[in-house]
Structure formats: structure tokens, C-alpha cells
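For reference, the chains in residue letters:
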Amino acid sequence: MGKKNRHIPGGVKKGGLHSALSATLAEQQKRQKQLENEKRQLEMEKARRRNLNGAGGSTKAKHNSHEDQDKKRKLSEKEDGASEDVDERNRSIKRRKRTGVMPYCAGEKVLLIGEGNFSFAHSLLLLRKVTPTLLVATAFDTLEVAQEKYPDLMDHVRPLKDAGATVLFGVDATKLEKCREVKEGKGLWDIVVFNFPHVGLGITDQDRNVRANQTLLLNFYRSVAPFLRTGPSSAPRTEKSKGKGKKRADTPSDDEEEEEHESDADQDDADLTKTPLAPLLTSGPKPAGRLLLSLRTNSPYSLWHLPQLATKGPLLAPSILPRPLPPVPQPTYRIIRSWEFDPLDYPGYEHRRTIGFKEGVSEGGNEDLKFSARERGVRKFGGKVGRTEVKEKAGGMRTWELELVIPEEED
């Protein structure tokens, strides 16, 4: 009998099983190699990306470093430029011709009205432009109030008193007749100064604010008139026509009144030197007393019409002053000249606002003088008021020299 065929489960012969196992093992090995290759490639890709990120970070760091260096260089250049501007400004101050814009002269009796911290009076003392014993500096506030408002008050008051000047508190510019020291010099004051007058009431409505300050000026003009020295006029004269007398060059007609300020602004220092400034150096009687008033020339201060209230006081007062009108007639003044007021002409002078000096609000030096409340707000909020961008610009300042017109001269 022949041998029976031995069957393998699954119907696979013995030789076929070995071949199948070999093929499966080979497939597994191949698959394993593919996985290892993929893993190796993945790691290589990660390493490449890390290298790229590292190189990029270094480049960025270098870029930032360059930017920092550029910023430092630009800041240094800016500081150097600012320093050069300061140096140039200092040089220009030294070169400035002071003759003709310094209206003070030793030997004259000088009354200062409305001093705040008395730094202006102290400056005149340092400049030696006044005789200390003939200088009377006054403030509207009492001593206690002034000390509270102005921390540097006594730094200026002490030197003034030590030099022999008179310092007074509680003096109302509109009621000078109530001050004994002022009354003692009635008719003898050579110069009366009122720098940057302001009622200081914090009136936010512009129309009411303007009216209040116009009232202050009119009342001051009326109050100070009897105390000014009487004498020959300091106003320049020009011949109107040969053989027909002379006419004052500074007396404007009604049509010229509006152009008065602009023409004054165009005068240069050379023209100003033609006006007598040192009456003590000339023989004969002393000239008439003068008023010196300084004010900013931009709005709202320009709306006060300071020079017009002086030259046309009797005409304008009835429409401005409250009723009943004062029994004393409103005086008339003439403009001798006017010029740009520069705080740098007065070393040590630091203007203070009527409300006083407040840390964190007020600014040092004369910044509070150069900028109005609105302009200070513009600077504080980066040049913007609400949604409107405003260009920062300091307003100009001007001094007017006035002289009382005697009633006989008006006829």
C-alpha cells in the first residue's frame, strides 16, 4: 500500500509554510527599517528647525541690538543739538542790545503793583537798574496768603528789605489811595509797573472773564493817575507843518487806533533808543511819570484791549464798568512806545500765576507765563484737546509805556 498523504492544517504543505514565514519576517524587517528611517528623518527635520530658529533668534537679537544702538545714537545727537541750542541762546542773550528796552534808571521813584513772589522786583535789584530806597514793591495778597501761595516768597523779599527797598502786602491796585506809603509819594512816582494784570477769579466764561479784567484795568488807570509825577512829556514829537506847531507822533487817530499795536510791534531796538530813557542825565525838570504794563498778546488777552482802554478810556468805560459809574472821571493816557517783553531780560525773574504755585500743576521758570491755560492743557495731553490736535505755540508778550494826558493838553 502506498503512504497516506499527511495534511497540514489550513491546507498548506510543509514546504509552503516555511516560505510564508520567511516572507512575513522579511516584510516586518522592511517595515521596521522604514519606521526607523522616518523617525531619523523626523529627528533630522526637528534638528534643522531648531538650528533655523536659533539662527533667526540670533539675527533678531542682532537687529534689536542695532536698533538700540541707533536709538542711543539719535538720543545723543538730540541732546547734543539741545545743548547747542541752549549755548546759542545764551550767546544771543549776551549779544542782545539792552539799550532801549530797559526802561528803568537808578534815581527814579518806582512803584511795582501786583507782585506775586517778588522775583521781578528782586531782578531789578540784581540788575542795579533801580535805587533800592526809592523802590516800593506791593502785592495784593496778605503776607500769610502770599507765603502759602508762593514757597519761594521770602527768598526774594529778604534781599529786597536788606537792600532798603519797601515791600508791602494787601495793596489793591484799584484803590491805591488807601495805601499810606503810596499816598506819601503822590505826584512823585516816576514809574508805576503792573506786570501781567489778572483778576485771578477763575472765571471760565470767556466773555465774563474779559469784562472782569477790562474793569480791573480801567479802575487801575483811574486809581493811579493822581500819583504820577507831573512834568514834560516823554513822547517823541514831530513837526506837523512848518510854522504851525507840533503834533505828538504817538497820538493816533480813530482810524489808526486798530493798527496801533501792529505798528508798535514793527519797531526795532534802534528806533526805541531815540526815546529818552535816562531823565536824570539831562538838565531841567523831570519828565512826567509813566505807566509800564505788560501782557500777553494772544487770545484771550488781546481781547482785553489794554492800550485802547488807556487811550480811549472815557469813551469805552461807560460800556464796560458796572453801574453806577465812578464819580471820578476816567483819565486818558497816551502811548509813548511799546516793545516785546522777554523774561530773559530780567535774570532771576520767575512769573507766578495769581492762583499761586502748585506742585505737579504749575511749571518752573516762566513756562506758566509763556503758555495760557488752554496751551498748558495741550502740552499736558500730548498736543490734543478732545479729538482735536492742536499745535503748541507760545504766545508773545508786550510792554506798553503810557503817559497821562493832562486835561489842558486835550483841549
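Residues numbered from 1 in each chain as written. Predicted model: local features only at pLDDT ≥ 70, side-chain atom pairs only at ≥ 80, totals over all residues. Heavy atoms only, no water.

A.B. asks: Honestly, the overall build of the protein chain in this entry has me stumped. Any pointers?
C.D. replies: Within the protein chain, the regular secondary structure consists of 13 helices and 11 strands. Classification of the 411 residues of the protein chain by burial places 36% in the buried group. Look at the contacts in the protein chain between residues 6 or more apart in sequence, and 76% of them connect residues 24 or more apart. Here the protein chain displays about 25,700 Å² of accessible surface, and carbon together with sulfur accounts for 52% of that area. (Helix = DSSP H or I, 4+ residues; strand = E, 2+ residues; numbered from the N terminus. Buried < 20%, exposed > 50% of the residue type's maximum accessible area, 1.4 Å probe, protein only. Contact = heavy atoms within 4.5 Å. Areas by Shrake-Rupley, 256 points an atom, 1.4 Å probe, with all protein chains shown as cover.)

A.B. asks: Would you take a moment to explain the packing of aromatic side chains for this structure?
C.D. replies: Note on aromatic pairs: each is described by the distance of the centres and the angle between the planes. Scanning the model with the defined rule gives 11 aromatic pairs in all. Residues phenylalanine 220 and tyrosine 221 carry aromatic rings whose centres are separated by 6.2 Å and whose planes lie at 45° to one another, so their mutual orientation is tilted. Through a chain of ring-to-ring contacts, the aromatic side chains of Tyr104, Phe120, Phe196, Phe341, Tyr346 and Tyr349 assemble into a single cluster. Cation over ring: lysine 109 sits above tryptophan 189, and NZ or CZ is 4.6 Å from the ring centre. (Phe/Tyr/Trp six-rings, centres within 6.5 Å; stacked < 30°, edge-to-face > 60°. Lys NZ or Arg CZ within 6 Å of the ring centre and 35° of its normal.)

A.B. asks: Even after reading the chapter, I still don't get the pattern of salt bridges, so can you show me in this structure?
C.D. replies: When charged atoms on two side chains of opposite charge get close, those side chains can pair. Applying the stated criterion across every chain yields a total of nine salt bridges. For aspartate 190, the salt bridge is made with arginine 229, and the minimal N-O distance between the two is 2.6 Å. Highlighted residues: aspartate 190 in the loop between α5 (180-183) and β4 (191-195) and arginine 229 in the loop between α6 (206-224) and β5 (237-239), separated in sequence by 39 residues. Under the relative-accessibility criterion, aspartate 190 is labelled buried at 3%. Residue classification places arginine 229 among the buried residues on the basis of a relative accessible area of 18%. (Salt bridge = Lys/Arg side-chain N within 4 Å of Asp/Glu carboxyl O.)

A.B. asks: Help me understand empty space enclosed by the protein, please; the structure alone is not making it clear to me.
C.D. replies: One way to see where empty space is left: roll a probe the size of a water molecule over the atoms. Enumeration over the complete set of coordinates arrives at one cavity of 30 Å³ or more. Within this model, the largest cavity holds a volume of roughly 40 Å³. Taken together, Pro103, Tyr104, Phe120, Asn195, Leu292, Ser294, Trp339, Phe341, Tyr346 and Thr399 make up the lining of the largest cavity. Residue classes in the lining of the largest cavity are distributed as seven nonpolar, three polar and no charged. (1 Å grid on protein atoms, 1.4 Å probe; cavity = no way out; pocket = protein on both sides within 12 Å on 5 of 7 lines; lining within 4 Å. Points joined across faces, edges and corners; volume = space filled by probe spheres on them. Nonpolar A, V, L, I, M, F, W, Y, C, P; charged D, E, K, R; others polar.)

A.B. asks: Mind showing me how you'd approach helix α4 (residues 153-163) here?
C.D. replies: Residues of α4 that are buried: Leu153, His156, Val157 and Leu160. Projection of α4 onto a plane perpendicular to its axis shows the buried side chains occupying an angular sector of 95°, all on one side. Looking at the buried side of α4, the elements it contacts are α2 (119-127), β2 (135-139), α3 (143-149) and β3 (166-169). Looking at the residues trailing α4, positive phi occurs at glycine 164, about 105°. (Arc of directions from axis to C-beta.)

A.B. asks: What should I look at first to understand the pairing of β2 in this one?
C.D. replies: Two faces make up the sheet, and in a regular strand the side chains alternate between them. Taken across its five residues, β2 has five buried, putting it largely inside the fold. Of the two faces of β2, the one holding Leu135, Ala137 and Ala139 and the one holding Val136 and Thr138 are both buried throughout. Following the backbone out of strand β1 (residues 110-113), through α2 and into the adjacent parallel β2, one traces a crossover that is right-handed. Relative to β3, β2 runs parallel, the two being bridged by four bridges. Bridged to alanine 137 within β3 is valine 167. (Right-handed = clockwise from strand over helix to strand, strands pointing away. Pairing = 2+ DSSP bridges.)

A.B. asks: Hey, could you run me through the nonpolar core in this one?
C.D. replies: Nonpolar side chains in soluble globular proteins generally cluster together in the buried interior. In terms of nonpolar packing, the biggest core is built from 37 residues, with Val192, Phe220, Tyr221, Leu291, Leu293, Tyr333 and Leu402 touching the most fellow members. Taken together, the elements giving at least two residues each to this core come down to β1, β4, α6, β7 (290-296), α9 (306-311), β8 (333-340) and β11 (397-404). Top contributing element to this core by residue count: α6, with six residues. Excluding residues within four positions of it along the chain, valine 192 makes contact with Leu111, Ile113, Phe220, Val224, Leu228, Arg290, Leu291 and Leu292. Ranked by size, the runner-up nonpolar core spans 30 residues in total, among them Tyr104, Phe118, Val167 and Leu292. (Core = buried A, V, L, I, M, F, W, Y, C linked by side-chain atoms within 4.5 Å.)

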